[in-house]
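# Examination of the molecular architecture
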Amino acid sequence: MKRIGVIGGGTMGQGIAEMLSEKGLEVYLMEQSEQKLNWSYEQIEMSLDKQIEKWAITQSEKKLILSRIQLVTDYSKLSQCDMVIETITEDLEKKDEVFAKLDEHCPANIILASNTSTLSLTEMAGKTRHPERVIGLHFIPPVSKINLVEIIRGLKTSEETFNATKTFVEDTIQKNGIMVYESPGFVTTRLICILINEALHVLQEGVASAEDIDTAMRVGYDFKYGPLEACDRYGLDSVLAAMERMFREFGDIKYRPSFLLKKMVRAGHLGVKTGEGFFRYDKDGDRIK
């Protein structure tokens with residue numbers, strides 16, 4: 001696979017597009033409007049500038065990475081891709097619309113993937129004439145640093161589609177791929193959300209401070225981030241949406257989101273994206289001590 005389409009220029013779309021381009025792939029980044037596309041492109045450029053500041057890449061490497069990213073607003077352009085990855089908001093109706101349009105414009109040999117963290121691949125595939133080519137590719141943010149991808153099989157995902165996708169993940173972009181059969185939250189979202197939710201209960205009950213809860217898990221269990229900072233980095237609104245969906249799907253009380261999480265989201269404290277969640281962050285996403 002040499003040419004990959006990425007639909008959606010939000011945080012995940014930007015991260016995936018940048019990572020694919022860094023791996024030498026040609027990327028078609030698609031958004032609804034030129035304005036949104038330009039904003040996404042600027043964010044990718046800023047991300048690369050931060051890498052230059054840290055001596056991770058050079059100016060010429062930045063230019064090369066950006067040169068591989070083409071900005072498109074027309075679905076017909078994606079017919080030239082080997083795979084298309086959808087990364088829009090976690091809204092099943094909107095994702096269904098995207099897959100219906102992709103099915104209309106992309107030949108049957110093109111693999112259609114979704115970066116969903118909780119939604120049904122089988123349902124999205126049902127909106128296409130070739131459900132066997134639909135698969136889940138759940139990247140974990142930050143995409144460039146986390147070397148894991150969940151490869152999710154829908155009910156009708158073919159063996160050929162799965163094998164081609166696994167080869168793409170492990171050989172082309174050189175990440176660890178784990179096979180997951182469709183289930184709400186898959187593996188990573190299902191487990192981390194329960195940990196975050198329990199940390200919220202501990203905080204709400206006054207058992208320990210946010211700082212000490214995170215230190216306990218970060219130092220005591222060698223986590224990169226504590227559960228509350230992880231929540232900030234995923235986005236409190238995204239964690240809430242995932243918890244609510246799993247609670248609806250499973251009906252198990254352990255997935256019922258903490259009231260504190262709901263209150264924080266209502267207050268607009270969404271974490272890194274707003275500069276404040278359980279902790280405070282600067283414009284580069286670094287913790288303000």
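Quick caveat: nothing in here was measured; it's all calculated off a predicted structure.

### Here's the deal with the packing of helix 7 (residues 188-204) against helix 11 (residues 259-266)
- Packing of helix 7 against helix 11 leaves a shortest axis separation of 8 Å and a crossing angle of 90 degrees. Judged on the interaxial angle alone, helix 11 and helix 7 are roughly perpendicular. Contacts between helix 7 and helix 11 involve Leu200, Leu203 and Gln204 on the former and, on the latter, Phe259, Leu260 and Leu261.
- A class-by-class count of the residues in the contact of helix 7 with helix 11 yields five nonpolar, one polar and no charged.

### Side note on the pairing of strand 7 (residues 148-153)
- In terms of burial, strand 7 is a largely internal element, five of the six residues being buried.
- Where strand 6 (residues 134-139) meets strand 7, five bridges bridge the pair, whose relative direction is antiparallel. Note that in strand 7 the partner of histidine 138 across the bridge is glutamate 150.
- Following the chain from strand 7 across helix 6 (residues 159-172) to the adjacent parallel strand 8 (residues 176-181), one finds a crossover that is right-handed.

### Focus: the UniProt feature "domain: 3-hydroxyacyl-CoA dehydrogenase C-terminal" (unreviewed entry) in the protein
- UniProt feature "domain: 3-hydroxyacyl-CoA dehydrogenase C-terminal" (unreviewed entry): in the numbering of this structure it lies at residues 185-281.
- The annotated region residues 185-281 carries 61% helix and 0% strand content, and the separation between its end C-alpha atoms amounts to 27 Å.

### Here's the deal with the pattern of salt bridges
- Within the structure shown, the criterion is met by 13 salt bridges.
- Between aspartate 49 and lysine 62 there is a salt bridge whose closest N-O contact spans 2.8 Å. Placement of the pair is aspartate 49 in helix 2 (residues 34-53) and lysine 62 in helix 3 (residues 59-67), with a sequence separation of 13 residues.
- Taking the relative accessible area as the measure of exposure, aspartate 49 reaches 28% and is therefore partly exposed.

### Notes on the pairing of strand 2 (residues 26-30)
- Burial runs high along strand 2: four of the five residues are buried.
- With helix 1 (residues 11-22) bridging strand 1 (residues 3-7) and the parallel strand 2, this β-α-β connection has right-handed handedness.
- The pairing of strand 2 with strand 3 (residues 69-72) spans four bridges and is parallel. Considered in strand 3, the bridge of methionine 30 is made with valine 72.

### Some words on the packing of aromatic side chains
- A complete count under the given rule lists one aromatic pair for this structure.
- Between phenylalanine 250 and tyrosine 255 the ring centres are 4.8 Å apart and the planes differ by 20 degrees, which places this aromatic pair in the stacked class.
- A residue is classified by how much of its surface remains accessible, and phenylalanine 250, at 31% relative accessible area, is partly exposed.
- Overall, the relative accessible area of 2% leaves tyrosine 255 in the buried class.

### A few points about helix 6
- The end-to-end C-alpha separation of helix 6 is 19 Å, in line with the 20 Å expected for 14 residues at 1.5 Å each.
- Of all the residues in helix 6, the buried ones are Thr161, Phe162, Thr165, Phe168 and Val169. Viewed end-on, helix 6 has its buried residues packed into an arc of 125 degrees, placing them on one side of the element. In helix 6, the exposed positions that point more than 90 degrees away from the buried face belong to Glu160 and Asp171.

Basis of the calculations
- Here the residue index of a chain counts from 1 through its sequence in written order.
- With the structure being a predicted model, the display of local features is reserved for residues of pLDDT at least 70 and the display and counting of side-chain atom pairs for 80 or more, all residues being used for whole-chain, interface and lining totals.
- In computing side-chain values, all of the structure's heavy atoms are included and hydrogens and water are not.
- For helices, the axis comes from a line fit to the C-alpha atoms of the stretch in contact; other axes are also lines fit to C-alpha atoms, and the angle between any two N-to-C directions lies between 0 and 180 degrees.
- Each helix is a run of H or I in the DSSP string that is no shorter than four residues. Each strand is a run of E no shorter than two, and both are numbered from the N terminus.
- Relative orientations are named as follows: roughly parallel for angles under 35 degrees, roughly antiparallel for angles over 145 degrees, roughly perpendicular for angles from 65 to 115 degrees, and oblique for any other angle.
- Contacts: residue pairs with any heavy atoms within 4.5 Å of one another.
- Amino acid classes used here: Ala, Val, Leu, Ile, Met, Phe, Trp, Tyr, Cys and Pro are nonpolar; Asp, Glu, Lys and Arg are charged; the rest, including Gly, are polar.
- Only protein chains enter the calculation, and the probe is 1.4 Å; a residue is then buried if its accessible area is under 20% of its type maximum, exposed if over 50%, and partly exposed in between.
- By definition, two strands form a pair when at least two bridges between them are found by DSSP.
- The crossover handedness rule: strands pointing away from the viewer, path from first strand over the helix to second strand clockwise, crossover right-handed.
- UniProt positions are given in the numbering used here, feature names are shortened, and annotations may be inferred rather than shown by experiment.
- Any carboxyl oxygen of Asp or Glu within 4 Å of a side-chain nitrogen of Lys or Arg constitutes a salt bridge here.
- Stacked, tilted and edge-to-face pairs are distinguished by plane angle, under 30 degrees for stacked and over 60 for edge-to-face with tilted covering the rest, among Phe, Tyr and Trp rings (Trp via its six-membered ring) whose centres lie within 6.5 Å.
- A helix is expected to span 1.5 Å multiplied by its residue count minus one.
- Think of it as the arc spanned by the lines of direction from the helix axis to the C-beta atoms.

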